[in-house]
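# Secondary and tertiary structure notes
Each chain, letter by letter, is given below.
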Amino acid sequence: MARRLKKLHIKTFGCQMNAYDSERMAEALQPAGYELTKSLGDADLVILNTCHIREKAAEKVYSELGRVRLTKEARKAHGHDQMVAVAGCVAQAEGHELIARAPVVDIVVGPQSLHRLADLVAEAQSTGERSVETEFPAEDKFAALPPRAQGKRQVSAFVTVQEGCDKFCTFCVVPYTRGAEYSRKPAEIVAEVERLAARGVREITLLGQNVNAYHGDGPDRAAWSLARLLQRLAEIPAIERLRFTTSHPHDMDDDLIALFGDEPKLMPYLHLPFQAGSDRILAAMNRKHTAADYEALIEQIRAARPDIALSTDIIVGFPGETDTDFEATLSLVRRVRFAQAFSFKYSARPGTPAADLDGQVPDSVKKERLAVLQTLLEDSRHDFDRATVGRRLPVLFEGKGRKTGQITGRSPYLQAVHVEGPDALIGYIAEVDISAAGPNSLTGVMKSGFEWREPVQAAV
Ligand code: 5AD
Ligand code: SF4
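These remarks concern the structure in this document. Since this is a predicted model, take the numbers as computed values, not measurements.

### Remarks on the overall build of the protein chain
For the protein chain, the helix and strand inventory stands at 14 helices and 21 strands. Going through the 460 residues of the protein chain one by one, you find that 54% of them count as buried. For the protein chain, the share of sequence-separated contacts (at least 6 apart) that also reach a separation of at least 24 residues comes to 73%. Surface summary for the protein chain: the accessible area is close to 20,400 Å², and the carbon and sulfur share equals 52%. Put simply, the protein chain has 58 plus and 63 minus side-chain charges, and the middle of one group is 5 Å from the middle of the other.

Set out below in structure tokens:
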């Protein structure tokens with residue numbers, strides 16, 4: 001008799017690293033007979049993969065758990081169980097508190113213990129006991145996870161290569177929730193990327209909280225930098241595009257910058273948070289760079305790759321931020337001209353040094369500053385997008401568009417591009433003449449007389 005597949009529902013909050021962890025959790029549970037479902041009500045196992053970076057993170061999780069409790073009870077009324085796990089950074093930060101406050105939760109598992117999830121589920125099922133696993137175990141969770149699953153159609157994939165952070169920006173919880181900086185071994189990463197290539201992936205984004213601090217133990221016993229790792233991955237024929245995120249200005253070394261000019265597979269897009277434009281605030285944030293350092297760096301990067309699309313993170317209303325400080329942020333934004341940006345109101349995170357600083361800025365001021373900043377950033381983004389109109393860009397097609405007959409992909413600058421074209425192009429790169437820039441995407445026309453290249457065969 002065929003074994004009944006059990007259903008797994010994962011809700012992911014926060015960053016791309018959580019999205020990657022969710023994929024790995026789903027894969028780790030596959031051998032135990034779990035397949036993904038979009039429906040919470042159908043799920044035998046629910047995982048909330050949580051984020052703790054900004055305000056009310058824990059409260060959001062508790063209210064989400066309130067909703068989960070209702071489905072769990074409804075299922076119980078029909079004689080079905082539902083197991084509930086909380087993973088990610090809120091799990092790490094709250095630990096036993098989650099079990100105490102939310103009776104619906106069966107398992108709490110921190111980001112460093114994902115490889116234990118299948119065992120924790122099995123244990124909970126056999127003993128009926130609730131468990132909390134938030135250690136930073138000595139074993140390598142990546143080595144302990146099963147290899148990437150085969151068969152899923154995907155053009156672009158994330159691969160976490162580095163976790164944790166030793167920078168201790170005073171506003172940030174990451175060094176506490178994700179722990180000290182850790183780099184995976186190059187050989188392990190190459191094997192993972194080769195497997196992804198073999199299943200049709202054409203673009204890889206390397207992930208890490210501080211990805212350019214990457215320093216993995218190479219097979220030659222040397223410490224590999226991110227630049228060296230990227231060069232090695234560029235040798236994999238089926239991988240046509242490489243990206244990485246998130247970088248810290250302090251760790252942008254010369255080799256990495258030069259690679260933007262030298263390695264055609266490295267896409268001209270860089271996410272490089274600067275957080276604030278005032279040196280006084282940058283020092284209070286413990287950012288280890290000034291506004292002038294940041295601008296000099298941008299100049300060096302643009303010298304290597306003049307057309308690079310720059311993206312950033314910015315915080316407004318850090319404790320002690322005056323109008324003049326905020327003006328310095330606006331002024332830096334005007335000078336750098338970002339293609340993309342993520343901006344946030346400062347939110348005091350318990351346990352971080354900035355939470356105890358004097359001069360906390362009222363929410364109304366933060367709101368006002370954020371609105372002004374976001375208007376400027378939007379203008380900057382539109383300027384960048386408009387400047388690509390009239391250009392011919394290679395687009396990697398990722399899927400069908402919303403309208404029939406349309407397919408959608410990404411430009412080298414990570415802009416979404418929609419064109420009329422055959423589904424058969426999904427997974428391929430084609431030249432597109434960009435004809436218009438909308439609020440969130442570009443539209444274009446496939447270069448006339450276009451013939452697409454045969455796919456490069458993967459090496460494995
Ligand atoms: N308040 C507001 N924004 C924050 N970020 C991190 N911590 C905080 C905080 N306490 C932002 C930073 C970081 C991004 C991922 O989230 O800009 O780069
Ligand atoms: Fe947080 Fe990034 Fe600073 Fe690390 S470098 S502490 S992850 S903001």
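### Some details on the pairing of strand 15 (residues 309-316)
When you tally the buried positions in strand 15, you get eight out of eight residues, the bulk of the element. With burial as the criterion, each face of strand 15 is covered, one bearing Ala309, Ser311, Asp313 and Ile315 and the other bearing Leu310, Thr312, Ile314 and Val316. As paired elements, strand 14 (residues 269-271) and strand 15 share three bridges and run parallel to each other. Opposite Tyr269, over in strand 15, you have Ala309 as the bridge partner.

### Digging into the environment of Ala58
Checked against the element boundaries, Ala58 lands in helix 2 (residues 57-77). Along the backbone, Ala58 and Cys89 are 31 residues apart, and their C-alpha atoms lie at a distance of 9.5 Å. Those residues in contact with Ala58, other than ones at most four positions away along the chain, are Val90 and Glu94.

### Considerations on the packing of helix 1 (residues 16-29) against helix 5 (residues 117-127)
Contact pair helix 1 / helix 5: the axes reach a minimum separation of 9 Å and the direction vectors enclose 55°. The pairing of helix 1 with helix 5 is recorded here as oblique in orientation. Viewed along their axes, helix 1 and helix 5 form a crossing whose handedness is right-handed. In this structure, helix 1 uses Met25, Ala28 and Leu29 to contact helix 5, whose residues at the interface are Leu117, Ala118 and Val121. Grouping the constituent residues of the contact of helix 1 with helix 5 by class yields six nonpolar, no polar and no charged.

### Description of the site of ligand 2
Around ligand 2 sit Cys165, Lys167, Phe168, Cys169, Phe171, Cys172, Val174, Pro175, His248 and Arg287, and that is every residue in its neighbourhood. Partitioning the shell around ligand 2 into residue classes produces seven nonpolar, one polar and two charged.

### Focus: the environment of Pro422
The residue Pro422 is located in the loop between strand 19 (416-420) and strand 20 (429-437) in this model. Distance in space between the C-alpha atoms of Pro422 and Gln406 is 7.6 Å, their sequence separation being 16 residues.

### What about the sheet that holds strand 17 (residues 392-400)?
Taken together, five strands build a closed barrel; the order of strands is 17-18-19-21-20 and the barrel is mixed. For this sheet, the mean angle separating the axes of adjacent strands, direction not counted, is 50°. In this sheet, strand 21 (residues 442-446) lies alongside strand 19 in parallel orientation, the contact comprising three bridges. Bridge assignment links Val419 to a residue of strand 21, and that residue is Gly444.

### Some words on the site of ligand 1
Taken together, the neighbourhood of ligand 1 is formed by Ile53, Arg54, Phe171, Gln275, Asp313, Ile315, Phe344, Lys345, Tyr346, Ser347 and Arg349. Residue Asp313 places a side-chain N or O atom 2.6 Å away from an oxygen atom belonging to ligand 1. With respect to ligand 1, the backbone of Ser347 contributes an N or O atom lying 2.8 Å from a nitrogen atom. Protein contacts shield 87% of the accessible area of ligand 1, which totals 410 Å² for the unbound molecule. The set of elements that each furnish at least two residues to the shell around ligand 1 consists of strand 15 and strand 16 (340-345). Broken down by class, the residue content of the shell around ligand 1 amounts to five nonpolar, two polar and four charged.

### Side note on the side chain of Glu181
By the element assignment, Glu181 lies in the loop between helix 7 (174-177) and strand 9 (182-183). If near-sequence neighbours (up to four positions away) are discounted, Glu181 is found in contact with Gln162, Glu163, Gly164, Cys165, Asp166, Lys167, Asn210, Ala213 and His215.

### Digging into the packing of aromatic side chains
Across all of its chains, the model carries seven aromatic pairs by this definition. Measuring from centroid to centroid gives 5.7 Å for Phe168 and Tyr176, while their planes differ by 75°, and the two rings are edge-to-face. Take Phe168: its relative accessible area is 38%, and that puts it in the partly exposed class. With 5.8 Å between their ring centres and 40° between their planes, Phe244 and Phe260 make a pair best called tilted. One end of the pair, Phe244, is in strand 13 (residues 241-245); the other, Phe260, is in helix 10 (residues 254-262), with 16 residues separating them in the sequence. Counting every residue linked through ring pairs, the aromatic cluster contains Phe171, Phe318 and Tyr346. Here Arg54 stacks its cationic end above the ring of Phe344, 3.6 Å away from the centre of that ring.

### Quick word on the nonpolar core
Ranked by internal contacts, the top residues of the largest apolar core, which has 57 residues, are Ile204, Leu206 and Phe244. Ranked by residues supplied to this core, first place goes to helix 9 (residues 226-234) with six residues. When sequence neighbours within four positions are dropped, the list of residues in contact with Phe244 reads Thr205, Leu206, Val211, Leu226, Leu230, Leu256, Phe260, Leu266 and Leu270. Among the nonpolar cores identified, the runner-up in size contains 21 residues, and Ile429, Ala430, Val432 and Met446 belong to it.

What counts, and where the lines are drawn
- Every chain's residues receive numbers from 1 upward, in the order its sequence appears when written.
- Chains carry letters and ligands carry numbers; both start at the beginning, A for chains and 1 for ligands, and go up in the order they are written.
- Reporting in this predicted model follows two pLDDT cut-offs: at least 70 for local features of residues, and 80 or more for side-chain atom pairs to be given and counted; totals over whole chains, interfaces and linings ignore these cut-offs and use all residues.
- With hydrogens and water set aside, each side-chain value is computed from the structure's full complement of heavy atoms.
- In this text, helices come from DSSP runs of H or I with a minimum length of four residues, and strands from runs of E with a minimum of two, each type numbered from the N-terminal end.
- A simple rule labels every residue: compare its accessible area, found with a 1.4 Å probe on the protein chains alone, to the largest value its type can have, and call it buried under 20%, exposed over 50%, or partly exposed in between.
- The contact definition used throughout considers only heavy atoms, calling two residues in contact when any of these lie within 4.5 Å.
- Computed with the Shrake-Rupley method and a 1.4 Å probe, the accessible areas treat only the protein chains shown as cover for residues.
- When charges are counted, neither His nor the chain ends are considered; positive counts come from Lys and Arg and negative counts from Asp and Glu.
- A single reference atom marks each charge: NZ on Lys, CZ on Arg, CG on Asp, CD on Glu.
- A pair of strands is labelled paired if DSSP reports no fewer than 2 bridges between them.
- Axis angles are defined between N-to-C directions and span 0 to 180 degrees, where every axis is a line fitted to C-alpha atoms and, for a helix, only to the segment in contact.
- By the definition adopted for this analysis, an angle is roughly parallel if under 35 degrees, roughly antiparallel if over 145, roughly perpendicular if from 65 to 115, and oblique otherwise.
- If you view the pair so one helix is near and one far, a crossing is left-handed when the near helix is turned anticlockwise from the far one by less than a right angle, and right-handed when it is turned clockwise.
- Residue polarity is assigned by list, with Asp, Glu, Lys and Arg as charged and Ala, Val, Leu, Ile, Met, Phe, Trp, Tyr, Cys and Pro as nonpolar; anything else, Gly included, falls into the polar class.
- Nearness is defined per residue: one heavy atom within 4 Å of the molecule or strand is enough.
- In protein, a polar contact requires one atom able to donate a hydrogen and another able to accept it; more generally it is a pair of N or O atoms within 3.5 Å, and residues adjacent in sequence count only if both atoms are side-chain atoms.
- Two aromatic rings, drawn from Phe, Tyr or Trp (for Trp, its six-membered ring), form a pair once their centres lie within 6.5 Å of each other, and the interplanar angle then sorts them: stacked below 30 degrees, edge-to-face above 60, tilted otherwise.
- Only lysine NZ and arginine CZ atoms are considered, and such an atom sits over a ring when it is within 6 Å of the ring centre and within 35 degrees of the ring normal.
- Throughout, nonpolar core names a set of buried Ala, Val, Leu, Ile, Met, Phe, Trp, Tyr and Cys residues whose side chains join them through atoms within 4.5 Å.

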